[in-house]
Amino acid sequence: VGARHTQGKGLGTLLSVLIHAFAFEVLRLSAVYLTIVPQNEPGRRCYEKVGYVRDDGPTARSYAEADDDIAMSITRDALCEKHKAALSEIVSAPC
């Protein structure tokens, strides 16, 4: 997020936390799922910073396009646990 020289300072992670707070609070989702190709290590690290964990359950795996795709998920509780301080600054945070 942002110009190349401003990256690596947590803005992308903070924006992702804000988007996920919206998903859990406003849209009332119970979990968010994603899949990535195994070669996308930078993407995987980014998702893990937000709070995603590998999820080999049937719901998460149903989103995979290929057998070797990595399925991940995050719940409201996991987001709150990992980003409590940032979420406390959002008026309608899910925690």
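Residues numbered from 1 in each chain as written. Predicted model: local features only at pLDDT ≥ 70, side-chain atom pairs only at ≥ 80, totals over all residues. Heavy atoms only, no water.

A few words on the pattern of salt bridges. Summed over the entire model, instances satisfying the criterion amount to four salt bridges. The salt bridge involving E25 is made with R28; its shortest N-O contact spans 3.8 Å. Among the salt bridges present, the one from R54 reaches D56, with a minimum N-O distance of 3.3 Å. On the basis of relative accessibility, which here comes to 45%, the residue R54 falls in the partly exposed class. (Salt bridge = Lys/Arg side-chain N within 4 Å of Asp/Glu carboxyl O. Buried < 20%, exposed > 50% of the residue type's maximum accessible area, 1.4 Å probe, protein only.)

By the definition in use, this model includes zero disulfides. Sulfur of C46: no disulfide; nearest cysteine sulfur belongs to C80 and is 19 Å away. We classify C46 as partly exposed; its relative accessible area is 30%. (Disulfide = S-S within 2.5 Å.)

This brings us to the sheet that holds strand β3 (residues 70-75). In sheet architecture, strand pairing relies on hydrogen bonds along the backbone and comes in two forms, parallel and antiparallel. Spatially, β1-β3-β2 is the arrangement adopted by the three strands of the open sheet, whose pairing is antiparallel. What marks the edges here is a single partner per strand, and that holds for β1 (31-36) and β2 (53-54). Relative to β3, β1 runs antiparallel, the two sharing six bridges. Note that in β3 the partner of T35 across the bridge is A71. Each of β1 and β3 touches helix α1 (residues 11-25); the most contacted strand, β1, lies at about 130° to it. Packing of helix α2 (residues 41-50) onto the sheet brings it into contact with β1, β2 and β3, and relative to β3 it is tilted by some 20°. (Pairing = 2+ DSSP bridges. Helix = DSSP H or I, 4+ residues; strand = E, 2+ residues; numbered from the N terminus. Contact = heavy atoms within 4.5 Å. Axes fitted to C-alpha atoms, helices over the stretch in contact; angles between N-to-C directions.)

Taken by themselves, the reported measurements are silent on function.
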